[in-house]
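Observations on the three-dimensional arrangement
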Amino acid sequence: MFGLITNVDMKYINNILKQNVPLFVELFNAHEYKDDFGHSPEWNEEMEQWLSFVKSINPTWYESNKSRVNTEKQRDELLGEYKSLYYFGKILGCKITQFEPAGNNNKKNDYAFYDKGNEEWYTEVKSPSWRGEVSKEINSSYLDKLKQNIVITESWPECKAEITCPNCSNVIEIKLSSFEFKQEEVYEIIKKTLCNKCKKNIWHFSENERAKLKKERLSKPQFINGEGRSYSDRDAVEDAVKKSVAQFAKGRNNLLFIPHNMFAGIGTGLFTAMNGGTTVMEVVKKYDPEGIITCVCLLDVQLDEKGIKFIPVFVPILKQPLVNNEKL
Ligand SMILES: [Zn+2]
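Each chain carries its own residue numbering, running from 1 in the written order of its sequence. Given that the model is predicted, a residue must reach a pLDDT of at least 70 before its local features are reported, and side-chain atom pairs must reach 80 or more before they are shown or counted; all residues, however, enter totals for whole chains, interfaces and linings.

1. Notes on the overall build of the protein chain
For the protein chain, the count of helices and strands is 11 helices and nine strands. Each of the 328 residues in the protein chain was classed as buried or not, and the buried ones make up 30%. Across the protein chain, the fraction of contacts at a sequence separation of at least 24, relative to all contacts at a separation of at least 6, is 65%. Helix and strand definitions here come from DSSP, where helices need a minimum of 4 consecutive H or I residues and strands a minimum of 2 consecutive E residues; each element is numbered from the N-terminal end. Exposed residues have 12 or fewer other C-beta atoms within 10 Å of their own C-beta, buried residues have 20 or more, and residues in between are partly exposed; the C-beta atoms are placed from the backbone. Here the contact rule is simple: place C-beta atoms from the backbone, and any two residues whose C-beta atoms are within 7 Å are in contact.

2. Topic: helix H11 (residues 278–287)
Buried within H11 we find Val280, Val283 and Val284. For H11, the angular spread of the buried residues around the axis is 95 degrees, confining them to a single face. In H11, the exposed positions angled more than 90 degrees off the buried face are occupied by Thr278, Lys285 and Lys286. The directions from the helix axis to the C-beta atoms are what the arc is built from.

3. Structural notes on the sheet that holds strand E7 (residues 253–259)
Each pair of strands is called paired provided DSSP finds at least two bridges between the two strands. Spatial ordering of the open sheet is given by E1-E2-E3-E7-E8-E9, a layout of six strands whose pairing is mixed. The sheet terminates laterally at strand E1 (95–99) and strand E9 (307–316), the two strands that pair on one side only. Strand-to-strand twist in this sheet, taken as the mean axis angle between neighbours without regard to direction, amounts to 30 degrees. Strand direction decides the pairing type here: strand E3 (residues 120–125) and E7, joined by five bridges, are parallel. All axes here are fitted lines through C-alpha atoms, helices being fitted over the stretch that makes contact, and every angle between N-to-C directions spans 0 to 180 degrees.

4. Details of the sheet that holds strand E5 (residues 159–164)
Pairing is antiparallel across the open sheet formed by three strands, whose spatial order is E4-E5-E6. Looking at which strands have only one partner, the edges of the open sheet turn out to be strand E4 (151–154) and strand E6 (171–176). When the angles between neighbouring strand axes are averaged without regard to direction, this sheet yields 35 degrees. Of the pairings in the sheet, the one linking E5 to E6 comprises six bridges and is antiparallel in character. Residue cysteine 159 lies in a different strand from E6, and its bridge partner there is leucine 176.

5. Focus on the nonpolar core
In this structure, Tyr82, Leu256, Ile258, Ile293 and Val296 are the most contacted members of the largest nonpolar core, which totals 45 residues. By residue number, the principal contributor to this core is helix H5 (residues 72–91), which donates seven residues. Excluding residues within four positions of it along the chain, isoleucine 258 makes contact with Lys126, Pro128, Ala236, Val237, Ala240, Val296 and Leu298. Judged by nonpolar contacts, the second largest core, of nine residues, contains Cys165, Ile190, Ile202 and Trp203. Joining buried Ala, Val, Leu, Ile, Met, Phe, Trp, Tyr and Cys residues through C-beta atoms within 7 Å gives a set, and that set is a nonpolar core.

6. Re the confidence of the model for the protein chain
Regions with low pLDDT should not have their predicted coordinates read in detail. The pLDDT score gives, residue by residue, the confidence of the prediction method on a 0 to 100 scale. Here the protein chain averages 84 in pLDDT, while 81% of its residues score no lower than 70. Every residue in residues 221–230 is under pLDDT 50, and counting partners more than four places away or in other chains gives 15 contacts. Low pLDDT, under 50, characterises residues 262–268; the stretch is placed with 19 contacts to residues that sit more than four places away or in other chains.

7. Looking at the pairing of strand E2 (residues 111–114)
Two elements, E1 and E2, share four bridges in a ladder whose sense is antiparallel. By the bridge assignment, lysine 95 is partnered in E2 with tyrosine 114. Summarising the sheet, E2 and E3 pair through four bridges and their orientation is antiparallel. Paired with tyrosine 114 across the two strands is glutamate 120, which belongs to E3.

8. Description of the environment of phenylalanine 310
Turning to its location among the elements, phenylalanine 310 is positioned in strand E9. Residues phenylalanine 310 and lysine 83 lie 227 residues apart in sequence; the distance between their C-alpha atoms is 9.8 Å.

9. Describing H5
The buried fraction of H5 is high, at 15 of 20 residues. Glycine 93 occupies a position one or two residues after H5 and carries a positive phi of about 70 degrees.

10. Points about unusual backbone geometry
The amide bond that connects tryptophan 156 to the next residue, proline 157, takes the cis arrangement and shows omega of 0 degrees. Residue position: proline 157 is located in the loop between E4 and E5. The backbone of glutamate 100 sits at a positive phi, close to 50 degrees, despite the residue not being glycine. Among the structural elements, glutamate 100 can be located in the loop between E1 and E2. For asparagine 105, which is not glycine, the phi dihedral falls at a positive 50 degrees. Looking at the secondary structure, you find asparagine 105 in the loop between E1 and E2. Since 8 C-beta atoms lie within 10 Å of it, asparagine 105 is described here as exposed.

11. Thoughts on the environment of valine 125
One can find valine 125 in strand E3. Sequence-wise, valine 125 and aspartate 110 are 15 residues apart; in three dimensions their C-alpha atoms are separated by 6.7 Å. Those residues in contact with valine 125 that sit more than four places away from it in its chain are Gly80, Glu81, Ser84, Asp110, Phe257 and Pro259.

The following block contains the structure:
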């Protein structure tokens, strides 16, 4: 979370150190994340609860997971698992019975628990990943802008062109393999081009701007709900179903758990709005014709003035775990 340390970041670091979140600090402190992870005291405190719960029920497993936080994606996947363990084990008070139980063939599931009717449920947690899509989209929009700025000056025998430096407006000569303007090749050239006047790499020049934009987009619900969305809630469910079907053993209670990525800001009930579960049912029918998945649970965790709220949506394919929802 402390990639490029600016004064603003220092303030966050100091705040975190002042907060009573020792496990959070221990686990994430040394990592350089490029998103705004760690900047919300409320979320940090909430995550501390998840970490503390998981550590209390299985300290050995907790220790062995400490290396799974190097990238934003790994971190979010691990937190997805912890969040779901916290939800079933702590909030609903179900007994967690196994960690990484054997699944199909040589594959493992994430964990198993007993519901209130003493039935055991094998659980796979699949966290949707929007982050990579946002990043790719923003990068290519910047590459496109630079590409549009290329003017071919000579097309034969050699293909020469000019590109204007976005920093100092100096005109830089570049060479292309042909005047066909192949996108991948042009992108590669742009990424390597140095301005001979200001000495800046024309692609790295926009790095801070792009990072800022990514951070903004990832914290705005408009990204997911609005235009330009390339990764939908249906895609997220499809990915999760396809991957988990291969991992579950047949003939057991298999629960696919899909946590909402809190930093993507999907917003209230987007999953719920998937036609009251009909879309989830359709997806499962399409990718799980053998009926291996018993139930899908979508969980949204939200922060409002009153604090953190867990908002689960159970979509029973055959049935759903018996849980006590009264406390919610
Ligand atoms: Zn320049």
